[in-house]
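If you want the building blocks of each chain, they are given just below.
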Amino acid sequence: MSQSRQVSWRDRLGSPGLERDWDYLKRLLLTLVVLGLAYFLWRISGILLLLFAAVLLAVLFRAFADLISRHTPVPQRWALTAAIITVTALVVAFLVLFGSQIGGQISQVFERLPDAIDAVGNRIGINNARDELENAISSNSGPNVLSRAAGLGYTVLGALADLALVVIASIYLAADPRLYRRGVAKLLPPSQHARVFDAMDVTGNALRFWFAGQLVTMLLVGVASGLAYWWIGLPSPLALAIIAAATNFVPFLGPILGAIPALVFAFTMDLQTVLWTLGVVVAIQQIEGNVITPFIQKRAVAMPPVVVLFAIGVFGLLFGLPGIFLAVPLAVTITVLVKKLWVRQTLGEDTTVPGEEASSDDTVPKEK
């Protein structure tokens, strides 16, 4: 009797209806897991953005360390320490030599900016433009200005804490990149490890080339802007040049924002200064966009303008100002991975992948 019951129970387990229910339950559980994972990643998206910034900075530290070990007698294991000490020494020396001058000029920019806004408003027929702007900001941001000022203080402190976290994490990542590369690869089957390591090498090279090209572009734009503003006679030309160079890190949108302070100060002087400043800004941006950037991108990473624009819009909408700042390197990373792992290796299409040419010259040993 018990044997017949056992047979009947097994028959019920193997029935088509129960198998269909079990398949539906598995699909439901898998869907819930995927949705839960997506929600979790969205909740920690800010941390993931900081992690990407740390990886980007680690790539730069490692590139500088490789350069030192290749062209100097410094051993490979001490090259990273030498790179960090060199970068720190350069930053400290720059601040000691030019810090007070730059700080003074930047303070002058912010001190003169309200009066410059009033002057521009008077020229276009708006009385008390500064008060109107402050009222508009206050009406859109809520009545409690003191609470917003306190929030701004917390935001600044939070940004400094995030910056310190990114720098410290980047040093650890650059010190032993193979450890973290192997950790990421273990999330996938062993048969995919070689593809993962190769994709990491190519992505790192692409980010390295892009950042090097961007630094050269920013330096040239800053020098040209500083000399032009000094020749025109604008106040605080060094500070205005640093603003132009720093904002040029973000393509298309950054140069426009960087030119606004110079144009505002030009409006406080005379029409001839305005025309000269506008002409200089347009000329520098045209030369940068049509001559400097294409020439540098031959050895760096050429990103289609539409991709860059949509990347700035999408990542800025998702992550705010940090997303705008990191939009282009994120787009470079996504482009490399899509081209290499999907277009070429999955679809079998022939395509060029940025950073792939130098992957064979990477000094970091390949994992097996």
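Just so it is clear, the structure is predicted and the values come from calculations on it, not from any experiment. (Residues numbered from 1 in each chain as written. Predicted model: local features only at pLDDT ≥ 70, side-chain atom pairs only at ≥ 80, totals over all residues. Heavy atoms only, no water.)

1. Description of the nonpolar core
Judged by nonpolar contacts, the single largest core of 39 residues is most densely connected at Leu80, Trp210, Phe249, Leu326, Leu330, Val332 and Val336. Taken together, the elements giving at least two residues each to this core come down to helix 3 (45-71), helix 4 (76-123), helix 6 (145-175), helix 8 (193-232), helix 12 (305-319) and helix 14 (327-344). For this core, the leading source of residues is helix 3, giving eleven residues. Filtering out sequence-adjacent residues up to four positions away, Leu330 remains in contact with Leu49, Phe52 and Phe315. (Core = buried A, V, L, I, M, F, W, Y, C linked by side-chain atoms within 4.5 Å. Buried < 20%, exposed > 50% of the residue type's maximum accessible area, 1.4 Å probe, protein only. Helix = DSSP H or I, 4+ residues; strand = E, 2+ residues; numbered from the N terminus. Contact = heavy atoms within 4.5 Å.)

2. Examining the pattern of salt bridges
Opposite charge on two side chains permits them to pair, given that their charged atoms come into close proximity. Applying the stated criterion across every chain, the model contains four salt bridges. The closest approach of N and O atoms between Asp66 and Arg62, which form a salt bridge, is 3.9 Å. You can see Asp66 and its partner Arg62 sitting in helix 3, four residues apart, about one turn around the helix. With its nearest N and O atoms 2.9 Å apart, the salt bridge here joins Lys340 to Asp198. Of this pair, Lys340 sits in helix 14 while Asp198 is found in helix 8, placing the two residues 142 residues apart along the sequence. Put simply, Arg62, Asp66 and Arg208 are held in one network by salt bridges that share partners. (Salt bridge = Lys/Arg side-chain N within 4 Å of Asp/Glu carboxyl O.)

3. Thoughts on the packing of aromatic side chains
A full pass over the atoms with the stated rule returns six aromatic pairs. Note on Trp231 and Trp276: the rings are 5.0 Å apart at their centroids and 85° apart in plane angle, and the pair reads as edge-to-face. On the criterion of sequence distance, the pair formed by Trp231 in helix 8 and Trp276 in helix 11 (residues 271-297) is long-range, its members being 45 residues apart. Trp276 gets classed as partly exposed once you look at its relative accessible area, which sits at 43%. Through pairs of rings, three or more aromatic residues link up here, namely Trp210, Phe211, Phe249 and Phe325. (Phe/Tyr/Trp six-rings, centres within 6.5 Å; stacked < 30°, edge-to-face > 60°.)

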